[in-house]
Amino acid sequence: VVTRDDVEESLKGVWQYVKDKEQLLKDLHSQTEEIEQRFSVKQAERDYWLEYKNVGSKIQANKIMNLEKDIKQVNDDLHRATEYYRNALKETKEENDRLVEMHMKLLKEQAPEDALRYLDKNSCRAIEENEWLKEQIKVYQKEVSDLKASIQLLEEENISIVEKLIDSRLRNLRI
């Protein structure tokens, strides 16, 4: 038997879990912003080196290519991190929804038991009498169906006897 306090404690645990996940999501957003800032810094460097490249330095062209690779890698990391955090958020929301639904189902199942626990003696007696009356109705219904079957058999037997009687009288009349 799970008490109200247990359910409330469980719901508090779920609530704390949700808050923890939301804090994690905020942390992830701040990391994403940091990566975006790094991306903008790398983008600025790339623009600078592209301008320098147009001046004609072959040595610096290699640096530009490396920086472009770095920018591409940071961009890819950003996309991967964003997708990862999006999926993590989705899974967290689904898990939270599942936990809340499970707790609500548990509460719905416990509600009748809790209601019975808080009923007074007269209400409990009325419920017991109602159950007893339901059982008596089943017994009486069975007896009624048995009596109907007996009546049916007796009627068929009476009809058979009456037919025999009529047949014998007809024979006597013919004789």
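Conventions adopted
- For every chain, the first residue of its written sequence is number 1, and the numbers climb from 1 along that sequence.
- The predicted nature of this model means local features are confined to residues of pLDDT at least 70 and side-chain atom pairs, given and counted, to a pLDDT of 80 or more, with totals for whole chains, interfaces and linings taken over all residues.
- Each side-chain value is derived from all of the structure's non-hydrogen atoms; neither hydrogens nor water enter the calculation.
- By definition, any uninterrupted DSSP run of H or I lasting at least four residues is a helix, any uninterrupted run of E lasting at least two residues is a strand, and each is numbered from the N terminus.
- What the globule rule says is 2.2 Å times the number of residues to the power 0.38, and the radius of gyration is computed from C-alpha atoms.
- Accessibility here uses a 1.4 Å probe with only protein chains present; expressed as a share of the type maximum, an area under 20% marks a residue as buried, one over 50% as exposed, and anything in between as partly exposed.
- By the convention used here, residues are in contact when the closest approach between their heavy atoms is within 4.5 Å.
- The accessible surface values rely on the Shrake-Rupley method and a 1.4 Å probe; as for residues, cover is taken only from the protein chains in view.
- When charges are counted, Lys and Arg are positive and Asp and Glu negative, with His and the chain ends excluded.
- Taken as the charge location is NZ of Lys, CZ of Arg, CG of Asp or CD of Glu.
- UniProt positions are given in the numbering used here, feature names are shortened, and annotations may be inferred rather than shown by experiment.
- For every residue, the pLDDT score states the predictor's confidence, bounded by 0 at the bottom and 100 at the top.
- Each pair of aromatic rings taken from Phe, Tyr and Trp, with Trp reduced to its six-membered ring, is defined by centres within 6.5 Å and is described as stacked if the planes are under 30 degrees apart, edge-to-face if over 60, and tilted in the remaining cases.
- Patch membership needs two things, relative accessible area over 30% and no salt bridge, and members are linked within 9 Å if like-charged or within 5 Å if nonpolar (Val, Leu, Ile, Met, Phe, Trp, Tyr).
- Whenever Lys or Arg places a side-chain nitrogen within 4 Å of a carboxyl oxygen from Asp or Glu, that contact is recorded as a salt bridge.

**Considering the overall build of the protein**
And step 1. Helices and strands together make up the secondary structure of the protein, namely 3 helices and 0 strands.
And step 2. The secondary structure elements of the protein, listed N-terminal to C-terminal, are α-α-α.
And step 3. Against the globule reference of 16 Å for 175 residues, the protein gives a C-alpha radius of gyration of 43 Å, more extended than a compact globule.
And step 4. Judged by the C-alpha coordinates and their principal axes, the protein covers about 145 × 55 × 15 Å.
And step 5. Taking all 175 residues of the protein together, the buried fraction comes to 13%.
And step 6. A sequence separation of at least 24 residues applies to 71% of the contacts in the protein between residues at least 6 apart.
And step 7. Total accessible area on the protein stands at roughly 15000 Å², and carbon and sulfur atoms take up 55% of it.
And step 8. For the protein, the distance from the average site of its 31 positive side-chain charges to the average site of its 38 negative ones is 4 Å.

**A short note on the UniProt feature "coiled-coil region" (unreviewed entry) in the protein**
And step 1. Residues annotated by UniProt as "coiled-coil region" (unreviewed entry) correspond here to residues 64-157.
And step 2. Helix makes up 97% of residues 64-157 and strand makes up 0%, while its end C-alpha atoms are separated by 112 Å.

**Regarding the confidence of the model for the protein**
Any residue range with low pLDDT should be treated as having predicted coordinates unsuitable for detailed reading.
And step 1. For the protein, the mean per-residue pLDDT works out to 89, and 94% of the residues sit at or above 70.
And step 2. Per-element averaging of pLDDT across the protein places helix 2 (residues 58-117) at the bottom with 88 and helix 3 (residues 121-174) at the top with 92.

**Things to note about the packing of aromatic side chains**
And step 1. Counted under the stated rule, the structure contains 1 aromatic pair.
And step 2. Aromatic side chains Tyr84 and Tyr85 sit 5.3 Å apart centroid to centroid with 70° between the ring planes, which places their arrangement in the edge-to-face category.
And step 3. By relative accessible area, which is 56% here, Tyr84 ends up exposed.
And step 4. For Tyr85, a relative accessible area of 16% gives the class buried.

**A look at a negative patch on the surface**
And step 1. Taken together, the side chains of Glu91, Glu94, Glu95, Asp97 and Glu101 define an acidic patch exposed on the protein surface.
And step 2. Its location among the elements puts Glu95 in helix 2.

**Focus: the side chain of Thr32**
And step 1. Positionally, Thr32 belongs in helix 1 (residues 4-55).
And step 2. Overall, Thr32 belongs to the buried group, its relative accessible area being 14%.
And step 3. If we skip the residues at most four places from it in the chain, Thr32 touches Leu78, Thr82 and Tyr85.

**Observations concerning the pattern of salt bridges**
And step 1. For the coordinates displayed, the defined rule picks out 6 salt bridges.
And step 2. For Arg4, the salt bridge goes to Glu8, with nearest N and O atoms at 3.0 Å. One end of the pair is Arg4 and the other is Glu8, both in helix 1 and 4 residues apart, which spans about a single turn.
And step 3. Judged by relative accessible area, Arg4 falls into the exposed class, the value being 62%.
And step 4. Where Glu68 meets Arg46, a salt bridge forms, and the shortest distance between an N and an O atom there is 3.8 Å. One end of the pair, Glu68, is in helix 2; the other, Arg46, is in helix 1, with 22 residues separating them in the sequence.
And step 5. When its relative accessible area of 29% is taken as the criterion, Glu68 is described as partly exposed.

**Things to note about a nonpolar patch on the surface**
And step 1. A cluster of nonpolar side chains, Val162, Ile166, Leu170 and Leu173, forms an exposed patch at the surface whose accessible area comes to about 390 Å².
And step 2. Structurally, Val162 can be placed in helix 3.
And step 3. Accessibility expressed as a relative area gives 44% for Val162, which makes it partly exposed.

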